[in-house]
Amino acid sequence: MQCSFYFSLAVFVWVFIGTSQPVSLHYLLDASYVSVNSTLGWLTILSFVTNGLASAALLAIVVERAKKCLDFSATVFIIHFFITWGYGGFPTHLAWWVTMGISLLIMAVVGEWLCIWREMQEIPLSNIASRGRAAATRLENVLLRRENVSSD
């Protein structure tokens, strides 16, 4: 999940910022780049929030259980916090904390909703029933053939 989180974040940073600025790891890992004081800061915030949505979709595919979505989401952001702390120092900007909180909330809630939606999909029993009937017919034919062979 962590690798896909950073990959999709890099893609969104490249999409939103890469057209006007050269993209670097600073946008991903330096807390000072998440700011409400500049256009680039807002684009970085947009990248993180959009990445929360994309990661939620991936969470539904990878995790498949609604109960585990919050755990996986929190783990991703806790690891991101420590990597950010190691890369550029302890994040002191309020905008960084709010952005990460919103992204975590989006990833967990939307991921959980997608997992629940996926779990609630109907299982097509008609296919299972038709396969079962076909298998029963084949078994019946085999048993009839054995009966005919043993009676001869």
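As a convention, each chain's residues are numbered from 1 in the sequence order in which they are written. Whole-chain, interface and lining totals are the exception, using all residues; otherwise, since this is a predicted model, local features are given only for residues with pLDDT of at least 70 and side-chain atom pairs are given and counted only at 80 or more. Excluding hydrogens and water, the side-chain figures rest on all heavy atoms present in the structure.

What to know about the packing of aromatic side chains
A ring pair, where both rings are aromatic, is described by two values, the distance of the centres and the angle of the planes. Using the following cut-off: Note on ring pairs: Phe, Tyr and Trp rings are taken, using the six-membered ring of Trp, and paired if centres are within 6.5 Å. Classes follow the plane angle, with under 30 degrees stacked, over 60 edge-to-face and the rest tilted. Put simply, DSSP H or I for four residues or longer makes a helix, DSSP E for two residues or longer makes a strand, and each gets a number counted from the N terminus. Only protein chains enter the accessibility calculation, which uses a 1.4 Å probe; a residue is then buried when its area is under 20% of its type maximum, exposed when over 50%, and partly exposed in between.
A full pass over the atoms with the stated rule returns 13 aromatic pairs. Consider the rings of Phe-5 and Phe-77, whose centres lie 5.2 Å apart with planes at 75 degrees: the pair is edge-to-face. Pair noted here: Phe-5 is in helix α1 (residues 2–16) and Phe-77 is in helix α4 (residues 69–88), with a separation of 72 residues, a long-range link. Phe-77 carries the same exposure label as Phe-5, and that label is buried. Consider the rings of Phe-12 and Phe-16, whose centres lie 6.3 Å apart with planes at 15 degrees: the pair is stacked. Within this pair, Phe-12 and its partner Phe-16 are both found in helix α1, separated by four residues, close to a single helical turn. With relative accessibility at 19%, the residue Phe-12 sits in the buried group. Of the aromatic side chains, those joined through ring pairs into one cluster are Phe-81, Phe-82, Trp-85, Phe-90, Trp-96 and Trp-97.

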